[in-house]
Amino acid sequence: MADRTRTRLLNALKSSGPQTAADLADNLNVTSVAVRQHLDGMHGEGLVDFEDVKGSVGRPKRVWGLTAAGHQQFPDSHSTLIVGLLEGLSDLYGEDGLENLIAHREAKTGQLYKSAMSGAQDLHGRVEILADLRSREGYMAEVIREDGAFLLVENHCSICAAATACQGFCRSELTLFKDVLGPEATVERIEHLLSGDRRCMYRITPCERADTGK
């Protein structure tokens, strides 16, 4: 049970960002005492850290978040191997070789996504399927409705090391989303992990007269 609670705490901090111990206890239905014990233990291991945030009144709130070591508890698709392969490919075939690899991956992934979306009735359905596919690939994706648009939130990047080594992967994924969601939607990246945000987020806005699945 203790290991399960620890895993749930890590997942909550990864998916929802920094939180107080009280918020974590409430959201996970765990006692505050248990949460603080786990946080203290993980702090000793260097997995979490805290910041005391002053409010307008009362005592400062202690807000907990993952450290770099904490983020590394989540899968990164064998980052060392991937980065080494990318460096080797670049040495052998240059930038053109990398671009060809990215284009090939984009095309293959696009075929897979479009096939999975073939039964969707509308844009809403395609976005939900896309989020499910991305979650299966390790991106911890979710969909949030906001002012008639959809927010595709990816709380983890399972290819972060590869994307850091070659940001063409990030450019390709934005192009991929635009392609598979079709002309009835505009897609823009509004948060980017590699730009200093804690996650990647895309706003998907239905074009005029498009069916949003309401």
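Residues numbered from 1 in each chain as written. Predicted model: local features only at pLDDT ≥ 70, side-chain atom pairs only at ≥ 80, totals over all residues. Heavy atoms only, no water.

S.K.: How should the overall build of the chain be read in this particular structure?
M.R.: The secondary structure content of the chain amounts to eight helices and seven strands. Across its three principal axes, the chain shows a C-alpha extent of roughly 50 × 50 × 35 Å. Looking at the chain as a whole, 38% of its 214 residues qualify as buried. A total of about 12,100 Å² of accessible surface is found on the chain, and carbon and sulfur atoms cover 50% of it. (Helix = DSSP H or I, 4+ residues; strand = E, 2+ residues; numbered from the N terminus. Buried < 20%, exposed > 50% of the residue type's maximum accessible area, 1.4 Å probe, protein only. Areas by Shrake-Rupley, 256 points an atom, 1.4 Å probe, with all protein chains shown as cover.)

S.K.: What's the story with the pairing of strand 4 (residues 141-146) in this structure? I'm lost.
M.R.: As judged from the six bridges shared by strand 4 and strand 5 (residues 149-154), these two strands associate in the antiparallel manner. From the neighbouring strand, Ile 144 faces strand 5, where its bridge partner is Leu 151. Two successive antiparallel strands, strand 4 and strand 5, enclose a turn made up of two residues, where Asp 147 displays a positive phi of approximately 50 degrees. (Pairing = 2+ DSSP bridges.)

S.K.: Would you mind showing me how to read helix 6 (residues 123-136) here?
M.R.: Residues separated by three or four positions in an α-helix point in the same direction, a consequence of the helix having 3.6 residues per turn. Compared with an ideal rise of 1.5 Å per residue, which puts 14 residues at 20 Å, helix 6 spans 20 Å between its outermost C-alpha atoms and is within 8% of the ideal. By the N-cap criterion, in which a side-chain oxygen at the helix start approaches the backbone nitrogen of a residue two or three places on, helix 6 is capped by Asp 122, the distance to His 124 being 3.3 Å. Backbone geometry just downstream of helix 6 places Gly 138 in the positive-phi region, at approximately 100 degrees. (Expected span 1.5 Å × (residues − 1). Polar contact = N/O pair within 3.5 Å; in protein donor to acceptor, adjacent residues only side chain to side chain.)

S.K.: Would you take a moment to explain the nonpolar core for this structure?
M.R.: Nonpolar side chains tend toward joint burial in soluble globular proteins. One finds Tyr 113, Leu 152, Phe 177, Leu 181 and Ile 204 to be the most contacted residues of the largest nonpolar core, which totals 20 residues. Taken together, the elements giving at least two residues each to this core come down to helix 6, strand 5, helix 8 (168-181), strand 6 (185-191) and strand 7 (200-206). Once residues within four sequence positions are removed from consideration, Ile 204 is found in contact with Leu 123, Val 127, Ala 149, Phe 150, Leu 152, Leu 181, Ala 185, Thr 186 and Val 187. (Core = buried A, V, L, I, M, F, W, Y, C linked by side-chain atoms within 4.5 Å. Contact = heavy atoms within 4.5 Å.)

S.K.: Teacher, can you tell me more about the side chain of Asp 122 here?
M.R.: Inspection of the secondary structure assignment puts Asp 122 in the loop between helix 5 (79-116) and helix 6. Although Asp 122 is buried, it forms no salt bridge, and the closest oppositely charged side chain is Arg 126 at an N-O distance of 6.5 Å. There is a polar contact of 2.8 Å between the side chain of Asp 122 and the backbone nitrogen of Gly 125. (Lys, Arg positive; Asp, Glu negative; His and termini not counted. Salt bridge = Lys/Arg side-chain N within 4 Å of Asp/Glu carboxyl O.)

S.K.: Any chance you could explain the environment of Arg 6 here in plain terms?
M.R.: Residue placement: Arg 6 occurs in helix 1 (residues 2-16). Under the relative-accessibility criterion, Arg 6 is labelled partly exposed at 23%. Non-local contacts of Arg 6, meaning those with residues more than four positions away in its chain, are made with His 38, Met 42, Glu 45 and Leu 47. A polar side-chain atom of Arg 6 sits 2.9 Å from a polar atom in the side chain of Glu 45.

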